[in-house]
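Each chain, letter by letter, is given below.
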Amino acid sequence: MTNSAAQEEPKYWVKSVARAADILEALAAPAQGNGLSVTEVGQACSISKSAAFGMLQTLRAYGLVSDDGEGMNRRYRLGMSLARLGDRARSQVSLRGVAHPVLRDLTALTEMASRLAVPEDGHAVVVDQVELDQRVRLDLRMGQRELPHCTGLGKALLSAVPQSEAAAVIERFGLPRRTARTITDPATFLSHLRDIARVGYALDDEEDAEGIICIGAPVFDDRSVCAGAVSITGLKLGLPAWRYQELGGQVRDAARRISLSLGWVEDTAGSASDTTQAHSDEIRS
């Protein structure tokens, strides 16, 4: 289970630091709500009991590990200094800084303009973008507020919140028709959001503007809270229907990459890539 055992040792690998990291990972195991004994830590990290004890006492001195009990009943768990460091780490992470290289890669991969948005008052506000260097340019502006019900970014953000919250946004702002393809029925739209949540990406198929498609996917932070969404935007003309699914997977992968950089821990119990029916539901003719 150790991180060090799962990879080759880099050139400047420090084994003692790696062992300390492995101990922290062992103590963070969700199933171990009551902490671990020295013996259990040693077994989990494949080190001797004496080595585990020494590491634990050192980490304890820095507040990274805490303990309670005496003798054979002593149990170790994560220390509160980690919470302080976690808050510091969170404050030092810039969503735009993490996302921008991913946007560049996404634009190069899909040959479409890519954008990053954050939620604000029920809408999606664009805070970064990477455009294509081409003659036909789309009118994509920084700071632009995307409607929540008919854009890839807006739908991606709404799909990542509880349905009650999404319903409240719908009730507040309505579902104004932008094109003939805009979903304007609340029940249909809420069902549509459930499909998006299953597949992992949202498709705006000429729902906000005729001739334009947009595919968005939500981004999550270390608390599994939706921090924003990424999307690609391009002309629909000449784009075969099968490409929607391929592009959707690429946007979803880009969002996942950003989420992991923000500290999000993926739930592998239900992978969106396995939901083939949701793919077909999302690709609407």
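Above this text is the structure in question.
This section reports on the structure supplied with the text. Everything numeric in this text was worked out from a predicted model, so none of it was measured. (Residues numbered from 1 in each chain as written. Predicted model: local features only at pLDDT ≥ 70, side-chain atom pairs only at ≥ 80, totals over all residues. Heavy atoms only, no water.)

Glancing now at the overall build of the protein chain. The number of helices and strands found in the protein chain is ten helices and eight strands. Counting all 285 residues of the protein chain, 41% fall into the buried class. The long-range share in the protein chain, meaning contacts at least 24 apart out of those at least 6 apart in sequence, stands at 58%. If you sum the accessible surface of the protein chain, you get close to 15300 Å²; carbon and sulfur atoms cover 52% of it. (Helix = DSSP H or I, 4+ residues; strand = E, 2+ residues; numbered from the N terminus. Buried < 20%, exposed > 50% of the residue type's maximum accessible area, 1.4 Å probe, protein only. Contact = heavy atoms within 4.5 Å. Areas by Shrake-Rupley, 256 points an atom, 1.4 Å probe, with all protein chains shown as cover.)

Take the sheet that holds strand β3 (residues 113-120) next. Spatial strand order, β5-β4-β3-β8-β7-β6: six strands in an open sheet with antiparallel pairing. Of all strands in the sheet, those with a lone pairing partner are β5 (145-146) and β6 (202-205), marking the two edges. Note that β3 and strand β4 (residues 123-130) share seven bridges and pair antiparallel. Looking across to β4, one finds that A117 is bridged to V126. (Pairing = 2+ DSSP bridges.)

Here the focus is the packing of helix α5 (residues 95-110) against helix α9 (residues 241-261). If you want to describe how two helices pack, look at the angle between their axes and the distance between the axes. Orientation of α5 relative to α9, taken along the N-to-C sense of each, is 155 degrees, at an axis distance of 9 Å. As far as their axial angle goes, α9 and α5 are roughly antiparallel. At the point where α5 passes α9, the crossing takes the right-handed sense. Mapping the contact onto sequence places L95, V98, A99, V102, D105, L106, L109 and T110 in α5 and R243, L247, Q250, V251, A254, R257, I258 and S261 in α9. Per-class residue counts for the contact of α5 with α9 are ten nonpolar, three polar and three charged. (Axes fitted to C-alpha atoms, helices over the stretch in contact; angles between N-to-C directions. Parallel < 35°, antiparallel > 145°, perpendicular 65-115°, else oblique. Left-handed = near helix turned anticlockwise from the far one by under 90°. Nonpolar A, V, L, I, M, F, W, Y, C, P; charged D, E, K, R; others polar.)

Inspection of every chain in the model, using the stated rule, returns one aromatic pair. Note on F220 and W264: the rings are 6.1 Å apart at their centroids and 25 degrees apart in plane angle, and the pair reads as stacked. In this pair, F220 is assigned in strand β7 (residues 212-220) and W264 in the loop between α9 and α10 (276-282), connecting sequence segments 44 residues apart. For the pair F220 and W264, a shared accessibility class is recorded, and that class is buried. (Phe/Tyr/Trp six-rings, centres within 6.5 Å; stacked < 30°, edge-to-face > 60°.)

Closest axis-to-axis distance for the helix α1 (residues 15-27)/helix α3 (residues 49-61) pair is 10 Å, and the angle between their directions is 80 degrees. Classified by the angle their axes make, α1 and α3 are roughly perpendicular. Note on element contacts: α3 touches α1 through A52, M55, L56 and L59, opposite S16, R19, A20, I23, L24 and L27. The residue inventory of the contact of α1 with α3, partitioned by class, reads eight nonpolar, one polar and one charged.

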